[in-house]
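Residues per chain, in single letters:
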Amino acid sequence: MGEQMTAVVIEGKRGRIYIAPDEIHIEASNAMNHYWLPSFSLPQNPRNFNTPIYGIDTFDKLFTPRQLMALTTFSDLVLDVKECISSNMGDSQGKNENDPLDRDQYINAIMTYLALAVDKGADYWSSICSWNTGRDTIRNTFARQAIPMVWDFAEVNPFSDSTGNFLRAIDWVAGVIELSSCAVPGEVVQRDATASVNGLVRPLISTDPPYYDNIGYADLSDFFYVWLRRSLSNIYPDLFGTMLVPKAQELVATPYRFGGSKQKAQQFFENGLYQAFERMRAVQHPDYPLTVYYAFKQTEDDSTENSNLINNEDNMQSLIASTGWETMLAGLIHSGFTITGTWPVRTERTGRTISISANALASSIVLVCRPRPIDAPSARRRQFINELRNELEDALKKMKHDGIAPVDLAQASIGPGMKVYSQYSQVLEPDGSPLSVRAALQLINRELDSILVDQEGEYDMETRWAVAWFEEYTMEAGTFGRAETLSKAKNASLQTLVEAGVLESRAGKVRLLKRDEVASIWNPESAVHRKVTTWAVMQRLIHALDKQGTPGAGAILADLPEYGEKARDLAYRLYNICERKGWSGAGLYYNMLVSSWPDIEVQARIIARSPRQDTLSFDD
């Protein structure tokens, strides 16, 4: 595939300058004679690798000639360091009396750190690096855990002072060393988790299992492995004994490794995960729980046709589940564990590419697990649902109080729900067949929806009308007749809704006011607003947060503190609707409000404590 240089970015006195390339620039970019190529095939795995379908099907094709020259040169210079350091150390042999490391260990450590710096450089020295127009800088190859196809890429100068230069990579590695507790011994061992737990006796185990088919870590690791192997294979022959990263035992459900069969990939993953958890249960320390970290967004919508999950008491059209969660939980439960606790932990960086302008998960869920008693009883489906409802109601209150983001609410609810399910040896359907883990996940999501719907009873009538209208029309217009019918069902007056700044009614059409419209007429003390509604308060909070940040939203909350908790809960409800309907753009703002709620409350308290100057009113 051809390429065309379109611009050269240079450092100016007041910032970066873009100039058109000339023949010298173009010739220089193609004149490099790279003397080694990592010409290994890229995997045919479109989930994580998009370039092969465009002909970029080997690792060397991910780099320009100039980038290949830089990487091979730097990699080989790592080998030259050994002779250089030996020469500088002179004739000293063995251990230095002031240093426990011997000569070879010292040299190997320096070479390893330098090789890691070259690998850091590789992340910025490929044709997958795009240009960040907002920051006027280069974006690295792995802005997310994949190698996508990039049509407009940027090529960094390793010897510049800009992002991606080699000395900056050295600084990264040096910074890690400075912050590391090098006096504390550590050991990292690679093992097949289905066969061994590092050979330890009664260990305390905390694990982050693979996320089904979400990320092919071994495949992606080859991008860095090929350069590390070139520099370090003589120092670590056992680690770099293969041309590419070993993949056969990696626990991921990757169909391309099984001739394209999703069923075989799933079976491999399920069997392996079950064996790994069974092994952990057999060897773990009995006084401590197993903790499992997991973060996998539920997005699969199961049709209820030909399913015995939905019957007369469960009247819904579709239910949400997740194969990733299902397989992980099935392995955990079938190996004899029960879930005794759940901790949502904020683990995901907010600035990562996948989270920008998207409803990406912000937290991982830590499942606390202990061996299930061998005499654990069974339960009937109805008993499970009743206990599930009670458990989720209590858990939901606590999660909201703790500020769990709406985008994380569904997966955070899995823990309390599966705590109920996993305490039994099995949960039985009315016909005596076992209720599957997938069916339990669907019921957990159904009950979560039901609890959020029931909470609408705490809102004012106008807000209940607005929620129902939003669920049907979002912010679009509908007929006056439909609005009038809905107002009777919700016992709300359309005229009151207009006066309260919730909707507009004109020419036989009705629509909810947009946030900027609500903000333009906002004045709860004015006669125009004969009633303050939770709906209007929430929309005004979002508008202030979007335009003025947490101080602006905090000022609204300080004026109307009695509406705060209901406005936050309403944002949860609306996000739930958006998630179910697939309205990710609309849901973004409701997630943003709840995620920022702790900071908004802080600003509100600061404003509430600040002295205010009262105004005189001359109104009768």
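How each quantity is defined
Residues numbered from 1 in each chain as written. Predicted model: local features only at pLDDT ≥ 70, side-chain atom pairs only at ≥ 80, totals over all residues. Heavy atoms only, no water. Axes fitted to C-alpha atoms, helices over the stretch in contact; angles between N-to-C directions. Helix = DSSP H or I, 4+ residues; strand = E, 2+ residues; numbered from the N terminus. Parallel < 35°, antiparallel > 145°, perpendicular 65-115°, else oblique. Left-handed = near helix turned anticlockwise from the far one by under 90°. Contact = heavy atoms within 4.5 Å. Nonpolar A, V, L, I, M, F, W, Y, C, P; charged D, E, K, R; others polar. Pairing = 2+ DSSP bridges. Buried < 20%, exposed > 50% of the residue type's maximum accessible area, 1.4 Å probe, protein only. Phe/Tyr/Trp six-rings, centres within 6.5 Å; stacked < 30°, edge-to-face > 60°. Lys NZ or Arg CZ within 6 Å of the ring centre and 35° of its normal.

A.B. asks: Mind showing me how you'd approach the packing of helix 17 (residues 564–581) against helix 18 (residues 584–595) here?
C.D. replies: Two packed helices can be described by the angle between their axes and the distance between those axes. Packing of helix 17 against helix 18 brings their axes to within 8 Å, and their N-to-C directions diverge by 150 degrees. When the axes of helix 17 and helix 18 are compared, the pair comes out roughly antiparallel. Considering only the axes of helix 17 and helix 18, their crossing is left-handed. Between helix 17, through A567, R568, A571, Y572, L574, Y575 and C578, and helix 18, the contact on the second element is made entirely by A586, G587, Y590, N591, L593 and V594. Among the residues forming the contact of helix 17 with helix 18, the class breakdown is ten nonpolar, two polar and one charged.

A.B. asks: Help me understand the sheet that holds strand 16 (residues 503–506) in this model?
C.D. replies: Hydrogen bonds between backbone atoms are what pair the strands of a sheet, whose relative direction is either parallel or antiparallel. With antiparallel pairing, the three strands of this open sheet are ordered in space as 15-17-16. At either end of the open sheet lies a strand with only one pairing partner, and these are strand 15 (478–479) and strand 16. In the sheet, strand 15 pairs with strand 17 (residues 509–512) via two bridges, with the strands oriented antiparallel. Looking across to strand 17, one finds that T479 is bridged to K509. The strands touched by helix 12 (residues 461–473) within the sheet are strand 15, strand 16 and strand 17, with strand 17 carrying the most contacts at an inclination of about 100 degrees.

A.B. asks: How should I be thinking about the environment of I556 in this particular structure?
C.D. replies: Structurally, the position occupied by I556 is in helix 16 (residues 534–559). In this structure I556 comes out as buried when scored by relative accessible area, which is 10%.

A.B. asks: Help me out: how do you make sense of the packing of aromatic side chains in this one?
C.D. replies: Describing an aromatic ring pair means giving the distance of the ring centres and the angle of the ring planes. According to the stated counting rule, one finds 23 aromatic pairs in the structure shown. Ring geometry for F63 and W227: centres 5.7 Å apart, planes at 90 degrees, overall edge-to-face. A residue pair is termed long-range when its members are at least 10 positions apart, and F63 in the loop between helix 1 (23–30) and helix 2 (65–89) and W227 in helix 5 (residues 217–232) qualify at 164 residues. Residue class for F63 comes out buried when judged on its relative accessible area of 7%. Under the relative-accessibility criterion, W227 is labelled buried at 1%. Grouped by ring-pair contacts, the aromatic residues W36, F63, F142, F223, F224 and W227 constitute a single cluster. Over the ring of W172 we find K120; its NZ or CZ atom is 4.0 Å from the centre of that ring. The ring of Y589 carries R515 above its face, with NZ or CZ at 4.8 Å from the centroid.

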